[in-house]
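Structural features, examined
Each chain, written out:
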Amino acid sequence: MNSVRKVVIPVAGLGTRFLPASKAVPKEMLPVVDKPAVQYNVEEAASVGITDVLMVTGRNKEAIENHFDAMPELNANLAAKGDEARIALAAESENLAQIHFVRQGEALGLGHAVLCAKGHVGNEPFVVMLGDDLIDARDPVLEQMIAIREQHGGSVLCLMEVPQDQVYLYGCAAVEPADSPDVVRVTGLVEKPPPGEEPSNLIVIGRYLLDPKVFEVLERTEPGRGGEIQLTDALHELIDIDPQDGGGVHAVVFDGRRYDTGDKLSYLQANVMLALDNDELGGSFREWLKSYLSE
Ligand code: G1P
């Protein structure tokens, strides 16, 4: 048992970068190889024992609820055929976690989505996971983040180095060294800095371990970049709050495998990389891809 029990996954976004695919299907339900993207997130949380999942959802997202629910008709149909293997596949998503839902109502920004989780989370540390980022199951980072919080308290981010010309697409952190090479103390945060104004080439990726103090800060956070209530702005404020009072921000610098599924090109790349590694499909997919590319 670890000290963190709850994860919040914001899924209310309209997914406009995936139109037309995301017109009637939530982008979180688009398959990556053989299962919906959002199932990877829930599996990642469950792999470290976090099985209380709150999805911050919106209109037209019922497919996500259905995916994590039991499907007696489908089971009956498969049972009649004696197809136990497919019954097990369909059930995978049902037994991973207890999934709860809260509606965001209006898309006022990531900070606002996280604030919608306040009632469910209460006064305990919690993880926020952004569905666009898939972390390879072979490079688990949540456990490391939990260990950093146990040592330093406060909140813990996950940073990655990217080329300088990519920084403007993300939240960016200024840092100083902490006690071990891949742990840093965060000294500043800025959401999507304009080119030339980046404090570093370390970007914030979609894994956060937050102290519940963040709710109090979010309640007074004004709209920032893009007119949205930014989680990054609230975290920037947490830096200067006393650690005794839930403040302080550390981070792990992650160098494992991360797949961005946030736009069409990176989504395709994620599919190819994960398909090549897939136990069932990888071998024949690799053979086919090689011969296809050599033609
Ligand atoms: C959000 C955060 C940003 C973070 C990014 C990670 O941005 O606001 O700080 O770097 O996720 O994927 P979005 O991708 O929603 O624009």
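Our structure is the block above this text.
To keep things clear, this report deals only with the structure shown in the data block.

So, how was this worked out
- Residue indices follow the written sequence of each chain, beginning from 1 at its first position.
- Local features in this predicted model are restricted to residues of pLDDT 70 or higher, and side-chain atom pairs are both shown and tallied only at a pLDDT of 80 or more, whereas totals for entire chains, interfaces and linings draw on every residue.
- Note that the side-chain values use all heavy atoms of the structure and ignore hydrogens as well as water.
- Cavities and pockets are found on a 1 Å grid laid over the protein atoms alone: a cavity is a set of points where a 1.4 Å probe fits but cannot escape, a pocket is an open set with protein on both sides within 12 Å along at least five of seven lines, and a lining residue has an atom within 4 Å of such a point.
- Grid points are joined across faces, edges and corners, and a volume is the space filled by probe spheres set on the points.
- Labels follow the DSSP assignment, with helices taken as runs of H or I lasting at least four residues and strands as runs of E lasting at least two, numbered in each case from the N terminus.
- Throughout, the ten residues Ala, Val, Leu, Ile, Met, Phe, Trp, Tyr, Cys and Pro are labelled nonpolar, Asp, Glu, Lys and Arg are labelled charged, and all others, Gly among them, are labelled polar.
- In this description, a nonpolar core means a group of buried Ala, Val, Leu, Ile, Met, Phe, Trp, Tyr and Cys residues linked to one another through side-chain atoms lying within 4.5 Å.
- Three labels apply to residues, based on accessible area from a 1.4 Å probe with only protein chains included: buried if under 20% of the type maximum, exposed if over 50%, partly exposed otherwise in between.
- Contacts: residue pairs with any heavy atoms within 4.5 Å of one another.
- Every axis corresponds to a line fitted to the C-alpha atoms, with the helix fit spanning only the stretch in contact, and the corresponding angles, defined between N-to-C directions, vary from 0 to 180 degrees.
- Oblique is the label for any angle not under 35 degrees, not over 145, and not in the 65 to 115 range, which are roughly parallel, roughly antiparallel and roughly perpendicular in turn.

Things to note about empty space enclosed by the protein
One pass over the structure, following the stated rule, counts one cavity of 30 Å³ or more. Of the voids in this model, the largest cavity is the one considered here, and its volume is about 90 Å³. Phe18, Lys27, Glu28, Leu30, Ala37, Val38, Asn41, Gly131, Asp132, Thr261 and Tyr267 are the residues that line the largest cavity. Ranked by residues supplied to the lining of the largest cavity, first place goes to helix 1 (residues 37-47) with three residues. By residue class, the composition of the lining of the largest cavity is five nonpolar, three polar and three charged.

Side note on the nonpolar core
Grouped together as the largest cluster of nonpolar side chains are 36 residues, with contacts concentrated most on Val7, Ile9, Ile50, Met55 and Met145. Top element by residues in this core is helix 7 (residues 142-152). It accounts for four residues. When residues no more than four places from it in sequence are discounted, the contact partners of valine 7 are Ala45, Ile50, Asp52, Val53, Leu54, Val127 and Met129. In terms of nonpolar packing, the next biggest core, distinct from the first, is built from 32 residues, Ala117, Leu189, Leu238 and Ile241 among them.

A short note on the packing of helix 10 (residues 264-277) against helix 11 (residues 282-294)
It is the contact of helix 10 with helix 11, at a shortest axis distance of 6 Å, that shows an interaxial angle of 125°. Between helix 10 and helix 11, the crossing angle belongs to the class labelled oblique. Between helix 10 and helix 11, the residues in contact are Val272, Ala275 and Leu276 and Gly282, Phe285, Arg286 and Leu289, respectively. Of the residues in the contact of helix 10 with helix 11, the class split is five nonpolar, one polar and one charged.

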